[in-house]
Amino acid sequence: MLVSVAALLSSLVAAVTGSPDRDAMLVVLEPGAACTEAATLSAAGATLAVPEMRLWRLGPDVDPSVLDDLERRGLVHLASPVRENVGTLSGSVIPDPLSADEWWRVAIGVDGLEPPGPGVPITIVDSGLDVFHPEFAGRPNTETLNPQEPQPLGGEHGTMVGSVVAAPANGQGVVGIYPEAVLRSWDAARGQGTKLDTFEIVQGIIEAARRGPGVINLSLGGSDRDPVVEQAVMQAVRGGSLVVAASGNDGEIGSPLGYPAVLPHVLTVAATDRTDQVASFSSRSPYVDLAAPGDDILVASALNNGWQSASGTSFSAPLVSGAAAWVWTVRPDLDATQVFEVLRRSARDIGKPGKDYASGYGLLNVRSALAYPAPIRDPLEPNDDLGLVDPSSPDAVGVPALTTRSRTSTSIRARYDLVEDPRDVYRVWVPKGRTLVAKTGGADVDLSLWRAGTLSVKSATGRLAHSATRGTTETLRYANTAGGRYLYLDVNPRRGTLTGAYTLTVRLR
């Protein structure tokens, strides 16, 4: 009989919220200050953590007046305290690990399927991996991206998550969903491995993204929206990675929103039990995309070099991450946006018919995902607002312009989703004296055109033109009497339309 984990954290097993460490700050500079202030910050003892984000860490040895001066001069885009949480975890050894009851295999449709060899990588940003555990000692295709925390506490949660993804078929313990996966681990823990903080989480996400497209598993979360973590996630999405997150374990206390699970473009996973019902602890919200087994899951334990049973959405997410890498490896013609959609749409509907707050589109079904027709790609994501697209914005993630001085007309197909991708903003070049003509077809969307420098499509000012008619076609025209300039075209689904695909054509007249 499996023995369940005796104690889990009140939210997820590893969380990013808690009392802020007031002696440490994460600071994102405005674009123009990235070079001019580097020497000053370095001399003050600050550390450039993520150059792509202009992100600095100001530790306890940095005089607070340094940040005060930067803010006074308007050079700080974001300033956020490092957040952390302390938690405990305990469990028991399974007497005979070879008799493991991995009931989830039948539930998600992998029983009888042969997983592929090494392919698309999976990075777990967690509390570290016990590379000396019998499941991972000598395992090929296992890479630690930074030093992993020491025993006995370090690596407990990360080892559990890693075993669900990629424990090998080595004749002992458990077998992960993708046994030969390329598994990478970033240890985001602090101290003895019982804390995660935003600084380490951001570094882990960015390091995974730097290595090219892959799956990033985030079995962590908290109730505070952290703009620095959000920006790191958007950078990873722009780089072609698929970000998977646990929905949270607060279903029995009202399901308060948890981050990064509720962020757009994040594949959010709920937990089910042996009866294919959503577990009572699994957080419900409109941001849940699909569900996977997460109750009474056999995992590797770093505390005792053994195995134990654990419950939580922390263990549902890695099943989806492993499935995503499996499908992506077998179907290399897909990109991350297509894998995202394939996993949702191929899920087996459970509970109430259709998408719901508890299970999203349904229960993960790997067999169906392998055969599900490829949806159209959703290029140029994330482009949900002007800040992500405008290269002069501190939030810009490198989305290229749709049209330029040399490419003045184009056509593109794209998708939208009310929750995950609520609108699309495109940067377009309009010469002086020419008229921009933008047309959409295939979905009921509205079109708006915004001037450069507008902070958001939700702004009260900055809109130059608007076209909103009912039906599946829309046309916007704008005569530019000013000098040649980049403007921002907003494709916004009409209220009441949840998801769809459209074609956008842009030309000059």
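Residues numbered from 1 in each chain as written. Predicted model: local features only at pLDDT ≥ 70, side-chain atom pairs only at ≥ 80, totals over all residues. Heavy atoms only, no water.

## Structural notes on a positive patch on the surface
Taken together, the side chains of Lys439, Arg477, Arg507 and Arg509 define a basic patch exposed on the protein surface. Within the fold, Arg477 resides in strand S22 (residues 473-479). (Patch = residues over 30% accessible without salt bridge, like charges linked within 9 Å, V, L, I, M, F, W, Y side chains within 5 Å. Areas by Shrake-Rupley, 256 points an atom, 1.4 Å probe, with all protein chains shown as cover. Salt bridge = Lys/Arg side-chain N within 4 Å of Asp/Glu carboxyl O. Lys, Arg positive; Asp, Glu negative; His and termini not counted. Charge placed at Lys NZ, Arg CZ, Asp CG, Glu CD. Helix = DSSP H or I, 4+ residues; strand = E, 2+ residues; numbered from the N terminus.)

## Considerations on the packing of aromatic side chains
Any two aromatic rings considered together are summarised by their centre-to-centre distance and by the angle between their planes. One pass over the structure, following the stated rule, counts 2 aromatic pairs. Ring centres of Tyr416 and Tyr502 lie 6.5 Å apart, and the angle between their planes is 25 degrees; this geometry places the pair in the stacked category. Placement of Tyr416 in strand S17 (residues 410-417) and of Tyr502 in strand S24 (residues 499-508) is noted, with a sequence separation of 86 residues between them. Residue Tyr416 is classed as buried on the basis of its relative accessible area, which comes to 5%. Taking relative accessible area as the criterion, Tyr502 reaches 2% and is therefore assigned buried. Ring geometry for Trp429 versus Tyr486: centroids 5.0 Å apart, planes at 65 degrees, classification edge-to-face. Of this pair, Trp429 sits in strand S18 (residues 424-430) while Tyr486 sits in strand S23 (residues 485-493), placing them 57 residues apart in sequence. The same class applies to Trp429 as to Tyr486, namely buried. When the ring centre of Phe199 is taken as origin, the NZ or CZ atom of Arg57, which lies over that ring, is 5.0 Å away. Over the ring of Trp429 we find Arg405; its NZ or CZ atom is 4.0 Å from the centre of that ring. (Phe/Tyr/Trp six-rings, centres within 6.5 Å; stacked < 30°, edge-to-face > 60°. Buried < 20%, exposed > 50% of the residue type's maximum accessible area, 1.4 Å probe, protein only. Lys NZ or Arg CZ within 6 Å of the ring centre and 35° of its normal.)

## Considering the pattern of salt bridges
Where side chains of opposite charge bring their charged atoms close, a pairing between them can arise. What the rule picks out here adds up to 21 salt bridges. Close ionic contact of Asp296 with Arg274 constitutes a salt bridge, the shortest N to O distance being 3.0 Å. Here Asp296, found in the loop between strand S14 (290-293) and strand S15 (297-301), pairs with Arg274, found in the loop between strand S13 (266-272) and S14; they are 22 residues apart in sequence, far enough to count as distant. Its relative accessible area of 17% is what places Asp296 among the buried residues.

## So, the environment of Gly294
For Gly294, the position within the fold is in the loop between S14 and S15. Assessed through its relative accessible area of 0%, Gly294 is described here as buried. Placed 211 residues apart in sequence, Gly294 and Thr505 show a C-alpha to C-alpha distance of 44 Å. Not counting the four nearest positions on each side in its chain, Gly294 is found in contact with Ala271, Thr272, Phe281, Ala310, Ser311, Gly312 and Ser316. (Contact = heavy atoms within 4.5 Å.)

## What about the sheet that holds S22?
In spatial order, the strands read S17-S24-S19-S22; together these 4 strands make up an open sheet with antiparallel pairing. Looking along the sheet, the strands with just one partner apiece sit at the ends: S17 and S22. Between one strand axis and the next, the sheet turns through 20 degrees on average, direction left out of account. Looking at chain direction, S17 and S24 are connected through 8 bridges and run antiparallel. Pairing of Arg413 across the sheet is with Thr503, part of S24. (Pairing = 2+ DSSP bridges. Axes fitted to C-alpha atoms, helices over the stretch in contact; angles between N-to-C directions.)

## Details of empty space enclosed by the protein
By the definition in use, this model includes 3 cavities of 30 Å³ or more. Lining the second largest cavity are Ser247, Ser255, Pro256, Leu257, Gly258, Ala261, Val262, Thr268, Ser283, Arg284, Ser285 and Tyr287. Class assignment of the residues belonging to the lining of the second largest cavity gives a composition of 5 nonpolar, 6 polar and 1 charged. (1 Å grid on protein atoms, 1.4 Å probe; cavity = no way out; pocket = protein on both sides within 12 Å on 5 of 7 lines; lining within 4 Å. Points joined across faces, edges and corners; volume = space filled by probe spheres on them. Nonpolar A, V, L, I, M, F, W, Y, C, P; charged D, E, K, R; others polar.)

## Remarks on the sheet that holds strand S8 (residues 183-187)
Read across the open sheet, the 7 strands follow the order S7-S8-S6-S11-S12-S13-S14; overall the sheet is parallel. Each edge of the open sheet is held by one strand with a lone partner, namely strand S7 (142-144) and S14. Between one strand axis and the next, the sheet turns through 25 degrees on average, direction left out of account. Bridge count for strand S6 (residues 122-126) against strand S11 (residues 215-218) is 3 bridges, and the pairing is parallel. The residue of S11 that forms the bridge with Ile122 is Val215.

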